[in-house]
Amino acid sequence: MEHKQPKLEVRVKKLIEVDGLKFKDLNNSGKLEPYKDWRLSPKERAENLVSLMNLDEKVGMMLINTRQMGLTQKDKSKTSHDGVLDEGIVEKGETIFALAKVYGTTHTIENMHLRHFILRDNWSPAQMAEWVNTMNEVCEGTRLGIPCLIASNSRNENTEFIFGMNDAAGIFSTWPGTLGLAAAAKGEMKSGGDASLISQFAEIARTEWDAVGIRKGYMYMADTVTDPRWQRIYGTFGEDPEFISDVIGRVIDGFQGEELGSHSIAMTTKHFPGGGARENGFDPHYEEGKWNLYPTPGSLEKYHLPPFQAAVEHGSSSFMPYYSIPSIKKSAVQKFQGEDIPFEEVGFTFNQYFLQHILRGLLGFKGYINSDSGVTNKMSWGVEDKTEAERFAKAVNAGTDLVSDTNDVENLKLAIQNGWISENRIDEANIRLLTEMFALGLFDDRTYVSPENAAAVISNQANWDAAYEAHKKSVTILKNSNQTLPLTGAKKVYVEVFHKEPERAASYTEKARKECQELGLFSLTDNYEEAETAILFLHPKSGAYFNATPGLLELEICENKPEKAMDGTDYEETTLSNMAHLKEVADSVHVRGGKVIISVNFILPWILGNVEPLADALIAGYDTYYNAQFEVMAGNFKPIGVLPLTLPASEEVIAVDENGDCVSRNDVPGFDKDKYMPEGLKYAYEDRDGNVYKLGHGLTY
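Residues numbered from 1 in each chain as written. Predicted model: local features only at pLDDT ≥ 70, side-chain atom pairs only at ≥ 80, totals over all residues. Heavy atoms only, no water.

**Q** Help me out: how do you make sense of the sheet that holds strand 7 (residues 149-152) in this one?
**A** Strand order in this closed barrel of 8 strands is 3-6-7-8-9-11-15-16, and the pairing throughout is parallel. Sheet analysis places strand 6 (residues 116-118) next to strand 7, joined by 3 bridges and oriented parallel. Along strand 7, the bridge assignment pairs His116 with Leu149. Across the face of the sheet, helix 13 (residues 423-439) comes into contact with strand 6, strand 7, strand 8 (216-217), strand 9 (266-272), strand 15 (368-373) and strand 16 (402-404) while running at roughly 100 degrees to strand 15. (Pairing = 2+ DSSP bridges. Helix = DSSP H or I, 4+ residues; strand = E, 2+ residues; numbered from the N terminus. Contact = heavy atoms within 4.5 Å. Axes fitted to C-alpha atoms, helices over the stretch in contact; angles between N-to-C directions.)

See below:
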């Protein structure tokens, strides 16, 4: 068969010619070994390369670590390549993420042999592209010329910065949060369409990532939300397993294409087998949240595994297991495909039955398994008593191929040298990892990218317009008393934003007023005492990503609310500041017969009892732009968004008793919780107009 010569660029090594075709001489041998031959399959090339690698090179290949750009390094004397690469050394313990000593970029590539890196920085597209190129130039100069693969968490959602979840936003086309994408797509389905908005999102995002050279996504979350207090709900697609399965399939098809190729973004679907079944919301980033509970027979198979099954069917390149441990004591026996699942009480990265038997065996997964960050040192639940080398052995032998956010080559190598991991298993992991790199074209015509092209692709207005359209579609009308909306030709409109942090409230208020002014849909006043209409945006916040709250995570929108900690001591919780002022504004407008529109930003399923009664119209946004919401309020755009999850009625329906048992099931989604509620208790919130805020609720006009 005829082979089309790819366009090859080398910066350090030379090209060789064989059969009238050009190949990169990546190891300076002057010969065409199979790994350099782009006519062969990715797997054949990977097998050949692994046979040429030494142990240190194989060990480095199995670790992925965060790597900052030279632009982020404050001390420019600690950079190389005209400031592009960061060469600074961070001593162990200097930051919460320096769990081991971090070395400069060149040393990490040349001497520690790492080839997978997580980029969390957020510079311009051209600057990121140049950094990727320079990283690969250093890689090309090494013994075998193995390139590197850059991974990132999602970059296309509008959000406040959260390390490890939303590291970067606002540079690539900016869409609503994932819950907002779900609200928009489910809304289109409700009116007879399908979830093709998700496919469009994935295809557009793929072109942007591809142009910059970030070729691996730590996304998306296929977790089904079943515990309303879980801090990471905003990164999910909600609580409907059937819908999430459809979405995950579309996301993988959009980013990866039919099969992995030279313009694909390889996806890492997370967090297998589902992080939603929390113990009362506590997250396994800290010890209090290390358990997954399955008190309900059949819940794991019915609610949590289907989206991962869809991810396997659509060829997700890799999977990320969750940190948590399946609890024997707090679970009913779970089955999968008719077999009882034996729970081994270790984190899923160390859990051979889940990774080998269920994921690879029963589901037929063929890619590689990428641990979550910090499993060998910080979040090593269930294996805390083992040494770091023993933890590496346990994870790798259970089926984990790539260990995340570490450069700990010493302990992985020690585990191999002690005979705890076979050379065969190390080779298997390396072949899986390198097969992906070959498939992505990183050894051939996709080692280097054009910074000019990166800038051009990302400034494509059509992508930003599509994203803005999704913002409008995500807006969900929960309540609309006496047809308050749409607000046509409203005069004397007062706009204010409320937040947990007062300084953010002030800057967001300024932003919202400016956007409202620019749209010119309403005539504004900045004095609420003369306003005929008040539009109030609420951004409640609860809990923290890396620390447990003293008591249960607060879901009420409240200020200085007295709480009881887990140890019985008293403390206070605030999820929204300035609540007295909020009520004052609403009352002042109502006294004059005016209308109050409240928009709540849903990053968690808030309990609305303290704010819904103040609102004539109540809106749900999901990190949705203010201007998109104004357009819907004004009737410029017909609302179609619906709730991607059920909102709890009150504290009572999520109450936890002294044994730590929740009145509503932790492992069952909101739409099905009533099957297990005590007599007389209904899970979903019902407003004063009789609207029930359950999955799929959304009004239109």
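Right, picking up where we left off after that structure.
**Q** I would appreciate a short explanation of the sheet that holds strand 22 (residues 595-601) in the present structure.
**A** Sheet strands pair via backbone hydrogen bonds, and the direction of the pair is either parallel or antiparallel. Strands sit in the order 17-23-22-19-18 across an open sheet of 5 strands; the sheet is mixed. Edge strands, defined here as strands with exactly one partner in the open sheet, are strand 17 (476-480) and strand 18 (493-499). Each strand of the sheet is rotated relative to its neighbour by a mean of 15 degrees, with strand direction disregarded. Looking at chain direction, strand 19 (residues 533-539) and strand 22 are connected through 6 bridges and run parallel. Among the inter-strand pairings, Leu538 is bridged to a residue of strand 22, identified as Val600. Contacting strand 17, strand 18, strand 19, strand 22 and strand 23 (617-621), helix 18 (residues 626-633) crosses the sheet at an angle of about 140 degrees to strand 19.

**Q** Could you clarify how one ought to interpret the pattern of salt bridges in this entry?
**A** Between side chains of opposite charge, pairing is possible as soon as their charged atoms come close. Counted by the stated rule, this structure contains 44 salt bridges. When the shortest N-O distance is used, the salt bridge between Arg432 and Glu428 registers 3.2 Å. With Arg432 and Glu428 both in helix 13 and 4 residues apart, this pair spans about one turn of that helix. On the accessibility criterion, Arg432 (19% relative accessible area) is buried. (Salt bridge = Lys/Arg side-chain N within 4 Å of Asp/Glu carboxyl O. Buried < 20%, exposed > 50% of the residue type's maximum accessible area, 1.4 Å probe, protein only.)

**Q** What is the right way to read the pairing of strand 19 from this model?
**A** One face of the sheet, then the other: side chains in a regular strand alternate in exactly this way. Counting buried positions along strand 19 yields 7 of 7 residues, so the element is predominantly enclosed. The alternating pattern of strand 19 places Thr533, Ile535, Phe537 and His539 on one face and Ala534, Leu536 and Leu538 on the opposite face, and all of these are buried. Taken together, strand 18, helix 16 (residues 502-519) and strand 19 constitute a β-α-β crossover, and its handedness is left-handed. (Right-handed = clockwise from strand over helix to strand, strands pointing away.)

**Q** Quick question: what am I supposed to make of helix 4 (residues 125-140) here?
**A** With 16 residues, helix 4 ought to run about 22 Å at 1.5 Å a step, and its terminal C-alpha atoms sit 22 Å apart, in line with that. For helix 4, the tally of buried residues reaches 12 of 16 residues, placing the bulk of the element in the interior. Within helix 4, the full set of buried residues consists of Pro125, Met128, Ala129, Trp131, Val132, Asn133, Thr134, Met135, Asn136, Val138, Cys139 and Glu140. Among the structural elements, strand 5 (85-86), helix 3 (105-110), strand 6, strand 7, helix 6 (196-212) and helix 14 (451-458) are those in contact with the buried residues of helix 4. (Expected span 1.5 Å × (residues − 1).)

**Q** Whenever I open this one, the packing of aromatic side chains confuses me. Can you help?
**A** By convention here, two paired aromatic rings are described through the distance between centres and the angle between planes. Evaluation of the coordinates by the stated rule reveals 27 aromatic pairs. A connected cluster of aromatic rings, assembled from ring pairs, spans Phe172, Trp175, Phe201, Trp209, Tyr220, Phe237 and Phe255. Just above the ring of Tyr448 sits the side chain of Arg11; from NZ or CZ to the centre is 4.2 Å. Lying across the ring of Tyr683, Lys673 places its NZ or CZ 5.4 Å from the centre. (Phe/Tyr/Trp six-rings, centres within 6.5 Å; stacked < 30°, edge-to-face > 60°. Lys NZ or Arg CZ within 6 Å of the ring centre and 35° of its normal.)

**Q** Is there a simple way to explain unusual backbone geometry in this structure?
**A** Here the amide bond leading from Phe272 into Pro273 is cis, since omega sits at 0 degrees, within 30 degrees of zero. Tracing the backbone shows Pro273 in the loop between strand 9 and strand 10 (291-292). Residues Leu485 and Pro486 are joined by a peptide bond in cis, for which omega reads -5 degrees. For Lys492, which is not glycine, the phi dihedral falls at a positive 50 degrees. Among the structural elements, Lys492 can be located in the loop between strand 17 and strand 18. Given a relative accessible area of 37%, Lys492 falls into the partly exposed group. Even without being a glycine, Asp623 presents a positive backbone phi close to 55 degrees. Mapping Asp623 onto the fold places it in the loop between strand 23 and helix 18.

**Q** Hey, could you run me through the state of the cysteines in this one?
**A** The tally for this structure, following the rule as stated, stands at 0 disulfides. Note on Cys148: no disulfide assigned, nearest cysteine sulfur contributed by Cys139 at a separation of 3.9 Å. With no disulfide of its own, Cys662 has Cys558 as its nearest cysteine by sulfur position, at a separation of 18 Å. (Disulfide = S-S within 2.5 Å.)

**Q** What exactly am I supposed to notice about the pairing of strand 9 here?
**A** Across the 7 residues that make up strand 9, a large majority, 7, are buried. Relative to strand 9, strand 8 runs parallel, the two being bridged by 2 bridges. By the bridge assignment, Lys216 is partnered in strand 9 with Ala266. Between strand 8 and its parallel partner strand 9, the chain crosses via helix 7 (residues 241-256), and the hand of that crossover is right-handed.

**Q** It is not clear to me how the nonpolar core should be interpreted in this structure. Could you clarify?
**A** As a rule of thumb, nonpolar side chains are buried together in soluble globular proteins. Counting residues in hydrophobic clusters, the biggest one holds 176 residues, and the most contacted among them are Phe237, Phe255, Phe272, Leu434, Leu536, Val600 and Leu608. Broken down by element, this core gets its largest block of residues, 9 residues, from helix 6. Judged by nonpolar contacts, the second largest core, of 23 residues, contains Val495, Tyr508, Ala617 and Met633. (Core = buried A, V, L, I, M, F, W, Y, C linked by side-chain atoms within 4.5 Å.)

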